[in-house]
Amino acid sequence: MATSLPLSLLAPAYSFVTSHRLSLAAFPFSATAALRFTSWLYPTVSSVVHHCTLLYTGLTLLAVVLVLYITSTRVRAVYLVDYACFRPPAALRVPLSKYIEHTELAPCFDDKSVGFQSRLIERSGFGEETCLPPACHVIPPEKTLKAARAEAEQGIFSAVDAVLAKTGVCAEDIGVVVVNCTLFAPTPSMADMVVRRYGLRSDVRCFSLSGMGCSAGMAGIGLAENILQCHSRCRYALVVSTEILTSDYYSGNERAMLLQNCLFRMGASAVLLSASPARARHARYRLARVVRTHAGHDDRAYGCVQQEDDAAGERGIALSKDVMPVAGDTLKEHMTTLGPLVLPASELLAYALSFARRRLLLLAGQEDSSKPRVPDFRMAFEHFCIHAGGRAVIDELQRGLGLSDKQVEPSRMALHRFGNTSSSSTWYELAYLEAKCRVRKGDRVWMVGFGSGFKCNSAVWVCIRSPVPLDSGPWEGCMHRYPVATAQ
């Protein structure tokens, strides 16, 4: 017990010294230079300081405290070193005709369910190259734990292998692992799978996020950001976003629960973050902010996306008709928080004046026939990566934000090529923008996703180095065909 106290104090002291080693090393030189400058400029002051040793010591200590306080309270910037997306093999693709034929042959679906899924998939905005895991290609689907683990390993390991190869980062340097997947939460966790596969060090911080829906990717980014800013010894954070479809394929006939079979497809992304200043000049983007909005206090919002059993005992995700209205209300609340942080002062002033005018007219008993002013978020961002949750989601956000067809093109094309890949979809959209060479240094990219609960999370990235793609990432081999016309 006698040695435990010094050791417990030694660890934070070591961490403090290593975190501020540059400031501590530079202070003696700065103090000497300041003293010599003062001696040259003000001989009288120099004489006083020379004779007042106590005063000089006090001022020195005060300066040390101020420097250390400023450096310790400064928020460390977090950078996106690089990212990679999983591109499923062509053998797993599901053309629309194959999907419809599969539902017709499956003994679990009645004629009404087959017709409903056929109509839905034809209006989904999907192309002919979206993919489902191997277990969903057999009749009936193989909903086993082994098959689900195989799907997870294929997507996650492929994405992580790619991002480590692109960056040259050693797996031993990764101090934080965050894996998010809504439906599949095995034991050991998927974060543990990553640690085992890549031999990460024993003090790695691991987190597995489940049940958070398609917005979990932004939550994972925010979690990794907080850890990197608080723990300077963590050089890199790995954030993996995916959705495992094998274990939760719905084999019933409830329409509200059949939507998940039609909309979700294979996908995964791996993102490498760092708060190290040494990595800043090699990074691709700087994380400006992460904003999260949770509407779970409202019963309608909480219950619009639920995992449950139907009357026959088949488990699936039920999507109610309130999803779109709830998403719109949550987005409005989200934009109220995000707007003051990203909009220019001129746009904020114009919105404030419009709001004040409407309030004054209301107090005067007059009606304002004009439409309420909606802040123009096109002045805050150059690029928009809207979660490709479906054609209706993209249409609603395009109308609500007043975006052009070109601004929502990445979302529509990601939906067409890959389908709804849940929380990883925004990274396929960013890869699309980079493959089209549209992102320039200084551009701001807004990623936004919606999830069960109900949540709306977003992240704002600032490009600090214009990407020069050596390949098109997940879009390799098909980029020349896009954009394509999609069904309206």
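Please read all numbers here as calculations on a predicted model, not as lab measurements. All residue numbers refer to positions counted from 1 along the written sequence of the respective chain. Per-residue local features of the predicted model are confined to residues with pLDDT of at least 70, and side-chain atom pairs are confined, for both listing and counting, to 80 or more; whole-chain, interface and lining totals are unaffected and use all residues. Computation of side-chain values covers all heavy atoms of the structure but excludes hydrogens and water.

A. Molecular detail of the packing of aromatic side chains. Stacked, edge-to-face and tilted labels apply to pairs of Phe, Tyr and Trp rings (six-membered ring for Trp) whose centres lie within 6.5 Å, assigned for plane angles under 30 degrees, over 60, and everything in between, in that order. Under the defined criterion, the tally for this structure stands at 12 aromatic pairs. An angle of 80° between the planes, with centres 5.3 Å apart, marks the rings of W475 and Y482 as edge-to-face. Residue classification places W475 among the buried residues on the basis of a relative accessible area of 0%. Either the NZ atom of lysine or the CZ atom of arginine qualifies as a charge over a ring when it sits within 6 Å of the ring centre and within 35 degrees of the ring normal. Directly above the aromatic system of Y83 lies the positively charged group of K166, at a separation of 5.4 Å from the ring centroid. A cation over an aromatic ring shows up here: R197 above the ring of Y198, its NZ or CZ 5.8 Å from the ring centre. Note on classification: 1.4 Å probe, protein chains only; a residue is buried when its accessible area is under 20% of the maximum for its type, exposed when over 50%, partly exposed between these limits.

B. Spotlight on unusual backbone geometry. Of note, the bond from T187 into P188 is cis; its omega dihedral lies within 30 degrees of zero at -5°. Note on conventions: DSSP H or I runs of at least 4 residues are helices, E runs of at least 2 residues are strands, and numbering of each starts at the N terminus. Relative to the elements of secondary structure, P188 occurs in the loop between β2 (174-180) and α8 (190-198). Cis rather than trans, the peptide bond between Y482 and P483 has omega equal to 5°. Position of P483 among the secondary structure elements: in the segment after β11 (455-463). Positive phi values are uncommon outside glycine, yet S422 reaches one of about 65°. Along the chain, the position of S422 falls in the loop between α16 (409-418) and α17 (425-435). We note that C437 has phi near 60°; this positive angle belongs to a residue other than glycine. Topologically, C437 is positioned in the loop between α17 and β10 (444-451). Relative accessible area serves as the criterion here: at 42%, C437 is assigned to the partly exposed category.

C. Representation of the pairing of β2. Among the 7 residues of β2, 7 are classified as buried, and the element is accordingly described as predominantly covered. Any two strands with at least two DSSP bridges between them are considered paired. Where β2 meets strand β4 (residues 236-242), 6 bridges bridge the pair, whose relative direction is parallel. Bridging from a neighbouring strand, N180 pairs with S241 of β4. Sheet analysis places β2 next to strand β3 (residues 205-209), joined by 5 bridges and oriented parallel. By the bridge assignment, V178 is partnered in β3 with F207.

D. Molecular detail of helix α6 (residues 111-122). One fewer than the residue count of a helix, multiplied by 1.5 Å, yields its expected span. For α6, which comprises 12 residues, the first-to-last C-alpha distance of 17 Å matches the rise-based estimate of 16 Å (1.5 Å per residue) to within 8%. Burial in α6 covers these residues: S113, V114, F116, Q117, S118, L120 and I121. Summarising the contacts, the buried residues of α6 are in contact with α5 (96-105) and α10 (255-263). Whenever two N or O atoms come within 3.5 Å, that pair is a polar contact, provided that in protein one can donate a hydrogen and the other can accept it, and provided that, for residues adjacent in sequence, both atoms are side-chain atoms. The residue sitting at the N-terminus of α6 and contributing the capping side-chain oxygen is D110; that oxygen lies 3.3 Å from the backbone nitrogen of K112. What makes two residues a contact is simply this: any of their non-hydrogen atoms within 4.5 Å.

E. Layout of the nonpolar core. In this description, a nonpolar core means a group of buried Ala, Val, Leu, Ile, Met, Phe, Trp, Tyr and Cys residues linked to one another through side-chain atoms lying within 4.5 Å. Formed by 80 residues in total, the largest nonpolar core has its most connected members in L273, W427, W461 and W475. Once residues lying within four places of it in the same chain are set aside, the contact partners of W461 are L80, I221, L273, Y285, R286, L287, A288, W427, D443, R444, V445 and M447.

No statement about biological role is implied by the geometric values presented.
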